[in-house]
Amino acid sequence: ESIEKGGYEHFMLKEIFEQPRSILDSMRGRMIAERNHLMMGGIREYENKFANANRILIVACGTSWHAGLVAEYLIEDLARIPVEVEYASEFRYRNPIVSENDIVIAISQSGETADTLAAIELAKSKGATIFGICNVVGSSIARATDAGAYTHAGPEIGVASTKAFTAQVTVLTLIAMIIGSKRGTIETTKLHQLIAELEQIPAKVEQTLKLDKQIEEISEIYKDATNFLYLGRGYNFPVALEGALKLKEISYIHAEGYPAAEMKHGPIALIDEQMPVVVIATKDSSYEKIVSNVQEVKARKGKVIAIVTEGDTTIPAMADHVIEIPETSEHLMPLLSVVPLQLLSYHIAVMRGCNVDQPRNLAKSVTVE
Ligand code: AGP
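Since we're looking at a predicted model, the values are computed, not measured.

S.K.: Got a minute to help me understand the overall build of the chain in this structure?
M.R.: The helix and strand tally for the chain stands at 14 helices and 12 strands. Along the first, second and third principal axes, the C-alpha atoms of the chain reach 55 × 45 × 40 Å. Scored against the burial criterion, the 369 residues of the chain give a buried share of 53%.

S.K.: In this structure, what is going on with the site of the ligand? I would like to understand it.
M.R.: In the vicinity of the ligand, 16 residues are found, and the nearest of them are Gly-62, Thr-63, Ser-108, Ser-110 and Thr-113. In terms of residues, the shell around the ligand owes the most to one element, helix H5 (residues 62-79), which gives 3 residues.

S.K.: How should I be thinking about helix H13 (residues 287-299) in this particular structure?
M.R.: Each turn of an α-helix holds 3.6 residues, which means side chains three or four residues apart point in the same direction. An ideal rise of 1.5 Å per residue puts 18 Å on 13 residues; H13 measures up with 19 Å between its terminal C-alpha atoms. Within H13, burial applies to Ile-290, Asn-293, Val-294 and Val-297. Within H13, the buried residues cover an arc of 100° as seen down the axis, which keeps them to one side. Every exposed residue of H13 that faces more than 90 degrees away from the buried side is listed here: Glu-288, Ser-292, Gln-295 and Ala-299. At the C-terminal side of H13, Lys-301 shows a positive phi close to 70°.

S.K.: Would you mind showing me how to read the packing of helix H2 (residues 19-27) against helix H9 (residues 163-183) here?
M.R.: If you want to describe how two helices pack, look at the angle between their axes and the distance between the axes. Two elements in contact, H2 and H9, have axes separated by 9 Å at closest approach and are oriented at 30°. Crossing hand, H2 versus H9: right-handed. Residues Gln-19, Ser-22, Ile-23, Ser-26 and Met-27 of H2 lie in contact with H9, whose contacting residues are Lys-163, Thr-166, Ala-167, Thr-170, Val-171 and Leu-174. Of the residues contributing to the contact of H2 with H9, the split by class is 5 nonpolar, 5 polar and 1 charged.

S.K.: What should I look at first to understand the sheet that holds strand E4 (residues 83-87) in this one?
M.R.: Within a beta sheet, neighbouring strands are joined by backbone hydrogen bonds and run either parallel or antiparallel to one another. Taken together, 5 strands build an open sheet; the order of strands is E4-E3-E5-E6-E7 and the sheet is parallel. Since the sheet does not close on itself, it has two edges, and those belong to E4 and strand E7 (147-150), each with one partner. Neighbour to neighbour, the strand axes of the sheet diverge by 20° on average, direction disregarded. Bridge analysis of strand E6 (residues 129-134) against E7 gives 4 bridges, and the strand direction is parallel. Residue Phe-131 lies in a different strand from E7, and its bridge partner there is Ala-147. Contacting strand E3 (55-60), E4 and strand E5 (102-108), H5 crosses the sheet at an angle of about 170° to E4.

S.K.: I'm lost on the pairing of E5 in this one. Help?
M.R.: Consecutive side chains along a regular strand alternate between the two faces of the sheet. Counting buried positions over the 7 residues of E5 gives 7, a clear majority of the element. Of the two faces of E5, the one lined by Asp-102, Val-104, Ala-106 and Ser-108 and the one lined by Ile-103, Ile-105 and Ile-107 are each fully buried. Summarising the sheet, E5 and E6 pair through 6 bridges and their orientation is parallel. Following the sheet pairing, Ile-103 is matched in E6 by Thr-129. The parallel pair E5 and E6, bridged by helix H7 (residues 114-125), forms a crossover whose chirality is right-handed.

S.K.: Help me out: how do you make sense of the packing of H5 against helix H12 (residues 236-251) in this one?
M.R.: Interhelical geometry of H5 versus H12 gives an angle of 165° and a closest axis separation of 9 Å. Here H5 is positioned roughly antiparallel relative to H12, judged by the angle of their axes. Along this stretch, H5 crosses H12, giving a crossing that reads as left-handed. Only Pro-238, Leu-241, Glu-242 and Leu-245 of H12 make contact with H5, whose side of the interface consists of Gly-62, Thr-63, His-66, Leu-69 and Val-70. Looking at the contact of H5 with H12 residue by residue, the classes come out as 5 nonpolar, 3 polar and 1 charged.

S.K.: It is not clear to me how H7 should be interpreted in this structure. Could you clarify?
M.R.: For H7, which comprises 12 residues, the first-to-last C-alpha distance of 17 Å matches the rise-based estimate of 16 Å (1.5 Å per residue) to within 8%. Taken as a whole, H7 has its buried residues at Asp-115, Thr-116, Leu-117, Ala-119, Ile-120, Leu-122 and Ala-123. Residues of H7 that are buried in the fold lie against E3, helix H6 (88-91), E5, E6 and helix H8 (140-144).

Cut-offs used in this document
Each chain carries its own residue numbering, running from 1 in the direction its sequence is written. Given that this is a predicted model, residues contribute local features only at a pLDDT of at least 70 and side-chain atom pairs are listed and counted only at 80 or more, while totals for whole chains, interfaces and linings are drawn from all residues. Segments assigned H or I by DSSP are reported as helices when at least four residues long, segments assigned E as strands when at least two residues long, and all are numbered from the N terminus. Here the C-beta atoms are placed from the backbone, and a residue counts as buried if at least 20 other C-beta atoms lie within 10 Å of its own, exposed if 12 or fewer do, and partly exposed otherwise. Working rule for contacts: place C-beta from the backbone, and if it is within 6 Å of a molecule or strand, that residue counts as near it. Here the expected length of a helix is defined as 1.5 Å per residue gap, with one fewer gap than residues. Working definition: the arc comes from the directions between the helix axis and the C-beta atoms, pointing outward to the latter. Axis lines are fitted to C-alpha atoms, over the contacting stretch for helices. Their N-to-C directions set the angle, which ranges from 0 to 180 degrees. A crossing counts as left-handed when the near helix is turned anticlockwise from the far one by less than a right angle, and as right-handed when that turn is clockwise. Any two residues are considered in contact once their C-beta atoms, placed from the backbone, lie within 7 Å. Just so you know the grouping, Ala, Val, Leu, Ile, Met, Phe, Trp, Tyr, Cys and Pro go in nonpolar, Asp, Glu, Lys and Arg go in charged, and all remaining residues, Gly too, go in polar. When DSSP finds two or more bridges between a pair of strands, those strands are recorded as paired. For the handedness criterion, the strands are oriented away from the viewer, and a crossover whose path from the first strand over the helix to the second runs clockwise is classed as right-handed. Geometric relationships in this document are graded by angle, where less than 35 degrees denotes roughly parallel, more than 145 denotes roughly antiparallel, 65 to 115 denotes roughly perpendicular, and other angles denote oblique.

What follows is the structure in structure tokens.
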């Protein structure tokens, strides 16, 4: 087993550190940046169907559902097709309205999640085209779908999903760009810019991983907290949910992810000097808004751990701890901003003596209801 861990103490840490490579593998053969060329075997036959879809429904669970939420922002912005993201477990029992012109994207690392599989069967019975995004080749979901794309992240052993998430987001980004260019909803210059930015993501993830030591020090300060709040807006909102889920599942600390602006509708009541608030506040179209949210937290003496874009000075002046990550387009930011949150949950869990790779009560894939 120690050989399989490749010198890392846990599979989770190994998988976090594999991300520059796994993200690259998920793009390999699908993007030739020098030629501004995108292609995806799995989607080729269905490109017209995607381009003419009335609506895209995304079904998934857990971390894969969070990747689906990122895709909602990407597809609606770049391809201008309405997207709905559904918990597979709710979708399957809700008598949902699905038509033949809908495309259902099912996202699953394992390809064995029972609820996602059942949601696929239901959507299929209503005539929708089903597209799968799975990591495990030949899995039940991969076999049950009409077409699909593998994420090629390599085996993920840690129960807490890390590299599978970033690979899913990468594949979904490529899909949004492919459909957007087919539909003519994305300007050529913007498309080329995104391709160039995406190509740099593995190197920027590598750079982000260098923050490990700093994140370990912050973890030491907050390892005994009983609650955490994670806030983000726009593309970073799903990242806030994902950061909170990671912390809950491996450290057993109660954590909630929230869209930062929703804080004033309830969770703000929780904030006092005992409450660590992780704010993902990178430079994007909602930056000014999130600056006010950080002020709101500080006014109530919450402890702010801010994930910011390199060179930012406004948020660092207010936050208790600052984690600086490289700049990229907001469309791609989840691929970078999730990394410090993975490391934060990892270090806190290790410091609390938790079984990081096999947390209590959890299985790698949930094959029962
Ligand atoms: C992620 O860290 C979780 N362990 C869990 O939420 C997981 O993402 C979910 O069960 C879905 O699994 P899947 O991607 O294999 O379908």
